[in-house]
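Descriptive structure summary
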Amino acid sequence: MKTDIQEELGHAQQYARRIKELYGVVPGSLDFKASRNISSRRRSRPTSSRIIKGVIEAETGAIEHYNKIIEFTDSVDPVTNDMVIAILRDEEGHRRLFEGFLREYEIEGLA
């Protein structure tokens, strides 16, 4: 069974291979503008609940990113579209898993 880190790296490698196959440009993606949302963080030692919330935030960002790619590749690049839909399914599963962890922490009063 792959770890989450191995799976995330696999997604990135799969996506990079597809971009290379397309000579560096995913059809329909030229109008896509990537952005990073960096919120200020306290410099104190992270708690488990803060780490879980960070993972949820990262997964949410990935989901938003993949949804944009799906939108941009729809009808112009079905291979990339199908691949990213499969990756999106995994990302949504990861987020649900960590949302479950956070609920458990909240129930136990640890969040």
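Notes on the structure in this doc start here. None of the values given here were measured: they were computed from a predicted structure.

Each value, and the rule that gives it
Residues numbered from 1 in each chain as written. Predicted model: local features only at pLDDT ≥ 70, side-chain atom pairs only at ≥ 80, totals over all residues. Heavy atoms only, no water. Helix = DSSP H or I, 4+ residues; strand = E, 2+ residues; numbered from the N terminus. Buried < 20%, exposed > 50% of the residue type's maximum accessible area, 1.4 Å probe, protein only. Contact = heavy atoms within 4.5 Å. Areas by Shrake-Rupley, 256 points an atom, 1.4 Å probe, with all protein chains shown as cover. Salt bridge = Lys/Arg side-chain N within 4 Å of Asp/Glu carboxyl O. Core = buried A, V, L, I, M, F, W, Y, C linked by side-chain atoms within 4.5 Å. Axes fitted to C-alpha atoms, helices over the stretch in contact; angles between N-to-C directions. Parallel < 35°, antiparallel > 145°, perpendicular 65-115°, else oblique. Left-handed = near helix turned anticlockwise from the far one by under 90°. Nonpolar A, V, L, I, M, F, W, Y, C, P; charged D, E, K, R; others polar.

Here we come to the overall build of the protein chain. Of the regular secondary structure elements, the protein chain holds 3 helices and 0 strands. Tracing the protein chain from N to C terminus, the helices and strands come up as α-α-α. The 111 residues of the protein chain split such that 26% are buried. A sequence separation of at least 24 residues applies to 74% of the contacts in the protein chain between residues at least 6 apart. Carbon together with sulfur atoms contributes 54% to the accessible area of the protein chain, which is approximately 8200 Å² in total.

Let's shift gears to the pattern of salt bridges. Should their charged atoms come close, side chains of opposite charge can pair. Here the structure, examined in full by the defined rule, presents 1 salt bridge. Between Glu-99 and Arg-95 there is a salt bridge; the shortest N-O distance is 3.8 Å. With Glu-99 and Arg-95 both in helix 3 (residues 78-107) and 4 residues apart, the pair spans about one turn of that helix. With relative accessibility at 22%, the residue Arg-95 sits in the partly exposed group.

Next up on the list: the environment of Arg-18. Tracing the backbone shows Arg-18 in helix 1 (residues 4-21). Relative accessible area serves as the criterion here: at 12%, Arg-18 is assigned to the buried category. Not counting residues within four places of it along the chain, the set of residues in contact with Arg-18 comprises Asp-77, Val-79, Thr-80 and Met-83.

Counting residues in hydrophobic clusters, the biggest one holds 10 residues: Tyr-15, Ala-62, Ile-63, Tyr-66, Ile-69, Ile-70, Met-83, Val-84, Ile-87 and Leu-88. Mapped by element, the contributors of at least two residues to this core are helix 2 (48-73) and helix 3. Here this core gets 5 residues from one element, more than from any other, and that element is helix 2. Not counting the four nearest positions on each side in its chain, Ile-69 is found in contact with Tyr-15 and Val-84.

Let us now look at unusual backbone geometry. Phi angles above zero are rare outside glycine, and Ser-75 is one such case at about 75°. Along the chain, Ser-75 turns up in the loop between helix 2 and helix 3.

Looking now at the packing of helix 2 against helix 3. Two numbers describe how helix 2 lies on helix 3: the axes approach to 8 Å, and their chain directions differ by 160°. In terms of orientation, helix 2 lies roughly antiparallel with respect to helix 3. In this structure, helix 2 crosses over helix 3, and the sense of that crossing is left-handed. Considered class by class, the residues forming the contact of helix 2 with helix 3 number 17 nonpolar, 8 polar and 6 charged.

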